[in-house]
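Report on the structure
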Amino acid sequence: MKFPEYRPRRLRKNEIFRRMIRETHLGPEDLILPLFVCPGKSVRKPILSMPGNFQLSIDQLIEEVKEAKSLGIPGVILFGIPEKKDEVGSQGYAEDGIVQRAIRSVKEKVDGILVMTDVCLCEYTSHGHCGVVKDGDVVNDDTLELLARQALSHAKAGADMVAPSDMMDGRVGAIRDALDGNGFQDTPIMAYAAKYASSFYGPFREAAESPPQFGDRKSYQMDPANGDEALREVRLDLEEGADMVMVKPALPYLDIIYRVKQAFNIPVAAYNVSGEFALVKAAAQQGWVDGELVMMEVLTSIKRAGADVILTYFAKDAARRLGG
Ligand code: PBG
């Protein structure tokens, strides 16, 4: 193929040609909406660094889930902001914890949309780390039991899928065992398998009130410089029983999404995280970029890289544009 016989522009002539040969299709069914649930009634507290996102009390959460469903979005993922925090994050696995109550309520009032849950300690611990802290260290094995308890409590409340985001070694296996041992063999696990120690989580930590109170997360989340290691992490999680794996963040890690999809041929999720969202929103607010078009380009590129599902704060806006 060479010029002048071959002219790629021939098939770019107009939108009908372009639509006909388009390789990547994005639909509302590809999107999962992250939601923050907090105690109280009629609470709809804006998250300043994430325009259009809120901390929602359960009654408001229900409305949001209904809207997501009406737009054709297949699932939401819940993050909890508990009333109180402690050393071991006990509100994370409490039967009447905020997320557990939210799951029950959504399941009772809305059907036809999946309720997924983030399984992690950082929103529930006073120190803000994703695991148990001893002598200033985040201790791996002691954390596993707490994560398993939390995942099980979500399943008992009716969660359709649990998603561990802590990055402790062995957590997927521990959670699988706990679920299987209690009659939840059919509850799938979406593992945050390749989760990087990223600076793109800033706005989320404001939203979830979960920044680490000392140090950082580099002893458990991955080094942004590593790609091969992501494949090892994914392999481990699959061997331990993960049904889907996630790469997070998404846009700065498109190569990782691509490699994971190529290497394993399994359902891959990508988390278009809070900082990715905030960057686009901020530039759009300044009038420096067209926020809607950048949003669609970002989501399309994540799908093109190999993601089957995208967790994104753009889910409602994108679904609306996509005619959901
Ligand atoms: C919990 C968790 C985080 C995010 C998802 N689950 C924060 C973190 O690891 O610090 C980030 C999501 C986002 O930035 O949108 N561990």
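Here's a quick rundown of the structure. Since the model is a prediction, treat every value here as computed from it, not as a measurement.

With that out of the way, let us pick up the overall build of the protein chain. Summing up its helical and strand segments, the protein chain has 11 helices and 12 strands in all. Counting only residues that meet the buried cut, the protein chain has 54% of its 324 residues in that class. Across the protein chain, contacts joining residues at least 24 apart in sequence account for 74% of those joining residues at least 6 apart. For the protein chain, the accessible area works out to roughly 14600 Å², and carbon and sulfur atoms hold 50% of it.

All right, on to helix α3 (residues 98-109) then. The first and last C-alpha atoms of α3 sit 16 Å apart over 12 residues, in line with the 16 Å expected at 1.5 Å per residue. For α3, the complete set of buried residues consists of Ile98, Val99, Gln100, Ala102, Ile103, Ser105 and Val106. Along its buried surface, α3 packs onto β1 (31-37), α2 (58-70), β4 (75-80), β5 (114-119) and α4 (140-157).

Taken together, the side chains of Leu11, Met20 and Ile21 make up a nonpolar region of the molecular surface, amounting to roughly 290 Å² of accessible area. Tracing the chain through its elements places methionine 20 in helix α1 (residues 15-20).

Looking now at empty space enclosed by the protein. Under the criterion given, the structure shown has one cavity of 30 Å³ or more. When its volume is computed, the largest cavity comes out at roughly 150 Å³. Considering the residues around the largest cavity, the lining is formed by 20 residues, among which Cys122, Lys195, Tyr201, Phe204 and Lys248 are closest to the centre. When residues of the lining of the largest cavity are traced back to their parent elements, those giving at least two are β9 (190-195) and α6 (202-207). The residue makeup of the lining of the largest cavity, split by class, is 10 nonpolar, four polar and six charged.

Here the largest pocket is characterised by a volume of approximately 280 Å³. Every residue along the wall of the largest pocket is listed here: Arg22, Glu23, Thr24, His25, Leu26, Met296, Glu297, Thr300, Ser301, Arg304 and Leu322. When its residues are assigned to classes, the lining of the largest pocket shows three nonpolar, four polar and four charged. If you add up the space inside the second largest pocket, you get close to 160 Å³. For the lining of the second largest pocket, the secondary structure elements donating two or more residues are α3 and α4. With five residues, the top contributor of residues to the lining of the second largest pocket is α4. For the lining of the second largest pocket, the class distribution of residues is three nonpolar, two polar and four charged.

In this section: the site of the ligand. Taken together, 18 residues are adjacent to the ligand, and Lys195, Arg205, Lys248, Ser274 and Tyr313 come closest. At 2.7 Å, a side-chain N or O of lysine 195 approaches an oxygen atom of the ligand. Expressed as a share of its isolated accessible area of 400 Å², the protein-covered part of the ligand is 100%. A molecule is said to occupy a pocket when more than half its atoms come within 2 Å of that pocket's grid points, and by this definition the ligand occupies the largest cavity. Looking at the shell around the ligand, its residues break down into 10 nonpolar, three polar and five charged.

So, about unusual backbone geometry. The step from phenylalanine 3 to proline 4 runs through a cis peptide bond, and the omega angle for that step is 10°. Take proline 4: it is sitting in the segment before α1. Going from lysine 248 to proline 249, the amide bond is cis rather than trans, its omega being -10°. Among the secondary structure elements, proline 249 is positioned in the loop between β10 (244-248) and α8 (254-264). A positive phi angle, near 50°, is found at glutamate 209, a position not held by glycine. With respect to the element layout, glutamate 209 can be found in the loop between α6 and α7 (228-239). Of note in this structure, asparagine 265 is not a glycine but carries a positive phi near 50°. Turning to its location among the elements, asparagine 265 is positioned in the loop between α8 and β11 (268-272).

Turning to the state of the cysteines, a few remarks are in order. Enumeration over the complete set of coordinates arrives at zero disulfides. Residue cysteine 120 stays outside any disulfide, its sulfur separated by 3.5 Å from that of cysteine 130, the closest cysteine. Lacking any disulfide linkage, cysteine 122 is separated from the closest cysteine sulfur, that of cysteine 120, by 3.8 Å.

Criteria and thresholds
Residues numbered from 1 in each chain as written. Predicted model: local features only at pLDDT ≥ 70, side-chain atom pairs only at ≥ 80, totals over all residues. Heavy atoms only, no water. Helix = DSSP H or I, 4+ residues; strand = E, 2+ residues; numbered from the N terminus. Buried < 20%, exposed > 50% of the residue type's maximum accessible area, 1.4 Å probe, protein only. Contact = heavy atoms within 4.5 Å. Areas by Shrake-Rupley, 256 points an atom, 1.4 Å probe, with all protein chains shown as cover. Expected span 1.5 Å × (residues − 1). Patch = residues over 30% accessible without salt bridge, like charges linked within 9 Å, V, L, I, M, F, W, Y side chains within 5 Å. Salt bridge = Lys/Arg side-chain N within 4 Å of Asp/Glu carboxyl O. 1 Å grid on protein atoms, 1.4 Å probe; cavity = no way out; pocket = protein on both sides within 12 Å on 5 of 7 lines; lining within 4 Å. Points joined across faces, edges and corners; volume = space filled by probe spheres on them. Nonpolar A, V, L, I, M, F, W, Y, C, P; charged D, E, K, R; others polar. Near = heavy atom within 4 Å. Polar contact = N/O pair within 3.5 Å; in protein donor to acceptor, adjacent residues only side chain to side chain. Sits in = over half its atoms within 2 Å of the grid points. Disulfide = S-S within 2.5 Å.

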